[in-house]
Amino acid sequence: GVNQKVMGRLNNDGTLDKIIDGKKSELVLDMYVSGQELGNQVALLLQQNALKTGIKINMIEKEFKAVRSEHIKTRNYHLVPSVVSTDLNTWDDLKTRYHSEFDNPSGANETGYYNVAADNILTQIPAENDLKKRAALYKNLQEIIYDDQPMIYLFVPSERIVINKIWQGNATQK
């Protein structure tokens, strides 16, 4: 069940209440959706399941360009279902997505994620040439990111990717 000491108490309409600065507040989150079918399906599923735990989610539909400029880039949002992709040419460069240095309107750390330990590891990884030590750094980073949950990853592609130095090409989003 819901940890009522941390989250608050369920009220008569089934949502959680918590006293913040002496004032009773309902736990209500806004989720910005852009009208894409997959995003809407994820949003509806999350909305329905969150309500079972006392969390109300308002779905607000906007074009994704507006969501990005008005909410993501300004860090003014609660939830945004989004597709996050990785460029195959820079698949191991996680620094731009997770390092606090890139938490700014033009940066790729769009969740505003900040963790000192993660920042330190992200700085160490590119300089580490020993593959076993580098793998250990990645594993440690993965554990930190998993514990902090700056994003909720729903799925990853299962296709195999073949790379060989004899081929030259560019990665694309599709």
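Thresholds, definitions, all that
Residues numbered from 1 in each chain as written. Predicted model: local features only at pLDDT ≥ 70, side-chain atom pairs only at ≥ 80, totals over all residues. Heavy atoms only, no water. Helix = DSSP H or I, 4+ residues; strand = E, 2+ residues; numbered from the N terminus. Buried < 20%, exposed > 50% of the residue type's maximum accessible area, 1.4 Å probe, protein only. Contact = heavy atoms within 4.5 Å. Areas by Shrake-Rupley, 256 points an atom, 1.4 Å probe, with all protein chains shown as cover. Core = buried A, V, L, I, M, F, W, Y, C linked by side-chain atoms within 4.5 Å. Axes fitted to C-alpha atoms, helices over the stretch in contact; angles between N-to-C directions. Parallel < 35°, antiparallel > 145°, perpendicular 65-115°, else oblique. Left-handed = near helix turned anticlockwise from the far one by under 90°.

In this section: the overall build of the chain. When helices and strands are counted, the chain shows 6 helices and 5 strands. Its helices and strands taken in sequence order, the chain reads α-β-β-β-β-α-β-α-α-α-α from the N to the C terminus. Buried positions account for 22% of the 174 residues belonging to the chain. Considering only residue pairs separated by 6 or more positions, the chain has 55% of its internal contacts joining residues 24 or more positions apart. When the accessible surface of the chain is summed, it comes to about 13,200 Å², and 53% of that surface belongs to carbon and sulfur atoms.

Below, the discussion takes up the nonpolar core. One finds Tyr 98, Tyr 113, Ala 118, Ile 121, Leu 122, Ile 125, Leu 137, Tyr 138, Leu 141, Ile 144, Ile 145 and Met 151 forming the largest nonpolar core, which totals 12 residues. Those elements that place two or more of their residues in this core are α5 (116-124) and α6 (131-148). In terms of residue count, α6 provides more of this core than any other element does, 5 residues in total. If we skip the residues at most four places from it in the chain, Tyr 113 touches Tyr 98, Ser 100, Ala 118, Ile 144, Ile 145, Asp 148 and Pro 150. Core analysis: the next-biggest nonpolar cluster, separate from the first, contains 7 residues, Leu 16, Met 31, Ala 50 and Ile 57 among them.

Our focus in this paragraph is the packing of α5 against α6. Packed helices, taken two at a time, are described by their axes: the angle between them and the distance between them. Between α5 and α6, whose axes approach to 10 Å, the crossing angle comes to 155°. Looking at the two axes, α5 sits roughly antiparallel to α6. α6 is crossed by α5, and the crossing has left-handed handedness. In this structure, α5 uses Ala 117, Ala 118, Ile 121, Leu 122 and Gln 124 to contact α6, whose residues at the interface are Leu 137, Asn 140, Leu 141 and Ile 144.

Geometric descriptors of this kind do not, in isolation, establish any biological role.
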